[in-house]
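# Remarks on the overall topology
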Amino acid sequence: MATDILGYKGKRVVVMGCFSGTGEATARALVDLGAEVHGADIKPSPVNLASFTEVDLKSPDSIAKGIASIGGKVDALFNVSGLPQTFPGEDVVTVNFLGIRAWTEGWLPHLNPGAAIVTVSSLAGMGYLARQPLVREFMAHSDFAAARQWYSDRAGEVGDPYTLSKEAINTWTQISAPDLIGRDIRINCTMPSPIDTPMLGEFRKIAGDAVLGAFAKAKGRYSTPEEQALPLLLLNSDAARFISGVCLPVDAGLAGGLATGVLN
């Protein structure tokens with residue numbers, strides 16, 4: 001068996017959301033592993049990248065320009081960008097799902113055989129299977145303006161925009177996997193529990209310490225960006241070449257405890 005089981009050396013990869021937190025940790029780790037790392041975000045990254053491109057995931061034009069600017073063939077996409085609920089709901093669902101989906105679909109013609117895609121979802125989206133009709137109705141809108149209007153019209157029924165966006169990521173990941181594997185492309189996502197990054201303060205404004213504390217109960221602390229970055233690297237690596245369509249909880253056992261009733 002090869003000693004480099006992840007296989008990133010010499011690979012050309014793109015990290016969307018490399019400014020801070022998990023995305024920054026992911027980009028740094030990929031550079032250390034010998035990958036050619038191209039970053040994109042709304043703010044410049046502190047990581048020593050092969051290139052950085054400013055992209056606004058709220059804008060289809062910015063997304064298209066970003067893909068054209070980086071160009072070339074790519075072996076792996078890492079989708080780490082996201083907004084918390086302290087932003088307008090329309091922007092949350094746009095950046096967290098519509099923009100990520102458009103960015104990824106724009107890259108599909110440029111992905112090499114054997115390429116992989118991984119997106120950061122959230123434990124907030126783990127109830128996606130129970131809300132499929134509603135989530136699919138939202139996902140049916142590919143036009144940004146139409147999708148934002150749908151959310152505005154249904155905000156009361158839909159509830160938390162962050163939850164909806166992550167339910168959509170989970171659903172999109174799983175419905176895309178069978179088609180993409182026929183093109184020798186894998187797609188997965190992770191569902192982190194709360195991460196000790198600057199965004200945690202924004203979640204605290206909405207959820208409060210009690211709710212965030214409950215999500216940290218399994219381990220007794222929040223996860224670090226590095227602890228969330230490493231599973232992303234695993235899922236897009238050669239070591240996971242037979243894994244696709246997975247929504248992987250990265251939460252120290254919280255989701256399993258909730259699913260079996262061991263944790264409340």
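Residues numbered from 1 in each chain as written. Predicted model: local features only at pLDDT ≥ 70, side-chain atom pairs only at ≥ 80, totals over all residues. Heavy atoms only, no water.

## Focus on the overall build of the protein
- Secondary structure summary: the protein contains nine helices and seven strands in total.
- Taken over the C-alpha trace, the protein has a radius of gyration of 17 Å; the compact-globule value for 264 residues is 18 Å, and the two agree within 12%.
- On the principal axes, the C-alpha backbone points of the protein span a range of 45 × 40 × 35 Å.
- The burial tally for the protein puts 51% of its 264 residues in the buried class.
- When the accessible surface of the protein is split by element, carbon and sulfur atoms take 57% of a total near 11600 Å².
- Positive and negative side-chain charges of the protein, numbering 22 and 27 respectively, have mean locations separated by a distance of 3 Å. (Helix = DSSP H or I, 4+ residues; strand = E, 2+ residues; numbered from the N terminus. Rg over C-alpha atoms; globule rule 2.2 N^0.38 Å. Buried < 20%, exposed > 50% of the residue type's maximum accessible area, 1.4 Å probe, protein only. Areas by Shrake-Rupley, 256 points an atom, 1.4 Å probe, with all protein chains shown as cover. Lys, Arg positive; Asp, Glu negative; His and termini not counted. Charge placed at Lys NZ, Arg CZ, Asp CG, Glu CD.)

## Examining the sheet that holds strand β5 (residues 111–120)
- Pairing in this open sheet of seven strands is parallel, and the strands run β3-β2-β1-β4-β5-β6-β7 from one edge to the other. At either end of the open sheet lies a strand with only one pairing partner, and these are β3 (51–54) and β7 (247–250). Each strand axis lies, on average, 20° off the axis of its neighbour in the sheet, ignoring direction.
- Both strand β1 (residues 12–16) and strand β4 (residues 74–79) contribute to a ladder of four bridges, which runs parallel. In the strand pairing of β4, Val 14 is matched with Leu 77.
- The sheet contacts of helix α1 (residues 21–32) involve β1, β2 (36–41) and β4, and relative to β1 the element is tilted by about 165°.
- Each of β1, β2 and β3 touches helix α2 (residues 60–70); the most contacted strand, β3, lies at about 165° to it. (Pairing = 2+ DSSP bridges. Axes fitted to C-alpha atoms, helices over the stretch in contact; angles between N-to-C directions. Contact = heavy atoms within 4.5 Å.)

## Points about the nonpolar core
- The biggest cluster of nonpolar side chains holds 48 residues, and the ones touching the most others in it are Trp 103, Trp 107, Leu 111 and Phe 138.
- If you tally residues by element for this core, the top one is helix α3 (residues 89–107), at eight residues.
- Leu 111 has contacts with Val 74, Leu 77, Ile 117 and Ile 185, leaving out every residue within four places of it along the chain.
- Core analysis: the next-biggest nonpolar cluster, separate from the first, contains 18 residues, Val 13, Val 15, Leu 49 and Ala 76 among them. (Core = buried A, V, L, I, M, F, W, Y, C linked by side-chain atoms within 4.5 Å.)

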